[in-house]
Amino acid sequence: MNEEKLRFIDEYRNKELLLKLIKKLKREIDNPIKIMEVCGTHTISISKFGIRRLLKGKVYLTSGPGCPVCVTPNEDIDWIIELCRKFKEKICLTVFGDIMRVPGSNSSLFIEKAKGANIRIVYSPIEAIEIAKKRKDLKIVFFGIGFETTAPSIAISLIEAKKNKLENFYLYSAHKLIPPALDALLSLGEIKLNGFILPGHVSTIIGSNPYRPILKKYGLAGVIAGFEPLDIIQALLILNELIKNKIYDVKIQYSRSVKPEGNEKAKKIMNNVFKECNSIWRGLGEIPNSGLELREEYNDMNAKLHFDINIPPKYENPACKCGEVLRGIIYPYECPLFAKACTPNSPIGPCMVSSEGACAAWYTYEDWKKYKEMMKNE
Ligand code: SF4
């Protein structure tokens, strides 16, 4: 099958073709392989279309640190909560909706809003800029989370704010970069993998080149995949070929969106506004050069510099296994809280809160009791 020939969503979900390719894949795999899908959108697709179960015994798929809400640590959430508490009347916090219910050390933004904090859910940072233009009486703070995918649009909003001489707009940057996180994860040596399904959206911006040295260093294969079931199976077919032939390199399956060099314009905008910094990841701790901080030219919009916030040491529920889930060393159902104390209606950890979280995907789509039984008999 040639990816270029498929043009419409229906074609990427064609059942007959999908089953045919799954059969082919199973036939071609000699020894079972373990693959990590890095992106939360892939996790959803894999669970939603039953890919994990269809391939069991041949391909073991585990999720990695690719959900931006899940990897945002308590330190950032606590800081933002304290900001809402300390400057209650003076600020309006703007956020993406998924972060609202993620518990910090002792509260969540959802609880703080119920207590009267001025928090608005927005769909893009440009909406936050519009609020800043209208509400000059308030300081508008945008809680910027996400990977290389969202950073360029946030950079554009800051350029826009500067152009409009907005003096009441601030960014709290908790942005993260995927390649250093993969390097850090592999350096722990906790998980034995054969390769990665690499994120499509992130790679649209950064291209395929940044993954190459990491894959070479750890002797792994990687394929950048689209998000439909046929994309994923096709990526696995390519991965299997690379693994069989011991080719430790990156290939692009998602060629309708990703070029090896990425999107030069978006990268330039991002680099004009942000610079790399060390960053704390849930489950992985502090990773050098894995975050994005505002450049000095944007100091006047940097919430971390403008607001004087002190937070007490963080607290994490010791029973929550989100860190292990994000490092791919356990499947969500192996957390003792999964589907008991922790469900999408009463989540304990971010992996159950976020729509891209591995625990939420397993709870919503996987026949996890059956999968658990199947794994026991391995
Ligand atoms: S089930 Fe809940 S507590 Fe356990 S790892 Fe998942 S989100 Fe965290």
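## Re the pairing of strand 7 (residues 195–198)
Residues Gly195 and Ile197 line one face of strand 7 and the alternating positions Phe196 and Leu198 line the opposite face, and both faces are buried. Relative to strand 7, strand 1 (residues 33–37) runs parallel, the two being bridged by three bridges. Bridge pairing in strand 7 places isoleucine 35 opposite glycine 195. Examined bridge by bridge, strand 7 and strand 8 (residues 221–224) share four bridges and lie parallel to one another. By the bridge assignment, isoleucine 197 is partnered in strand 8 with valine 223.

## Focus on unusual backbone geometry
Phi at lysine 246 is positive, roughly 50°, even though this residue is not glycine. Judged by its relative accessible area of 61%, lysine 246 falls in the exposed class. You will see that alanine 339, though not glycine, has its phi angle at about 65°, which is positive. If you trace the backbone, alanine 339 turns up in the loop between helix 16 (322–326) and helix 17 (350–353).

## Notes on the sheet that holds strand 1
An order of 2-1-7-8-9 is seen for the five strands of this open sheet, with the pairing classed as parallel. With partners counted over all chains shown, the strands left at the sheet margins are strand 2 (59–63) and strand 9 (250–252), one partner each. Neighbour-to-neighbour, the strand axes of the sheet open up by a mean angle of 25°, direction not taken into account. Contacts between helix 3 (residues 40–48) and the sheet are confined to strand 1, strand 2 and strand 7, with strand 1 contributing the most and set at about 125° to the helix.

Criteria and cut-off values
Every residue gets a number counted from 1 within its own chain, in the order that chain's sequence is written. pLDDT decides what is reported in this predicted model: residues at 70 or higher carry local features, side-chain atom pairs at 80 or more are listed and counted, and totals for whole chains, interfaces and linings draw on all residues regardless. Each side-chain value is derived from all of the structure's non-hydrogen atoms; neither hydrogens nor water enter the calculation. Throughout this description, buried means an accessible area under 20% of the type-specific maximum (1.4 Å probe, protein chains only), exposed means over 50%, and partly exposed covers the range between. Helical segments are the DSSP runs of H or I of at least four residues, strand segments are the runs of E of at least two, and each set is numbered from the N terminus. Paired strands, in this sense, are two strands between which DSSP finds at least two bridges. Convention adopted: a line fitted to C-alpha atoms gives each axis, helices being fitted over their contacting stretch, and angles between N-to-C directions are expressed from 0 to 180 degrees. When checking whether two residues touch, look at their non-hydrogen atoms; a contact exists if any pair is within 4.5 Å.

Interpretation in functional terms is not warranted from these geometric data alone.
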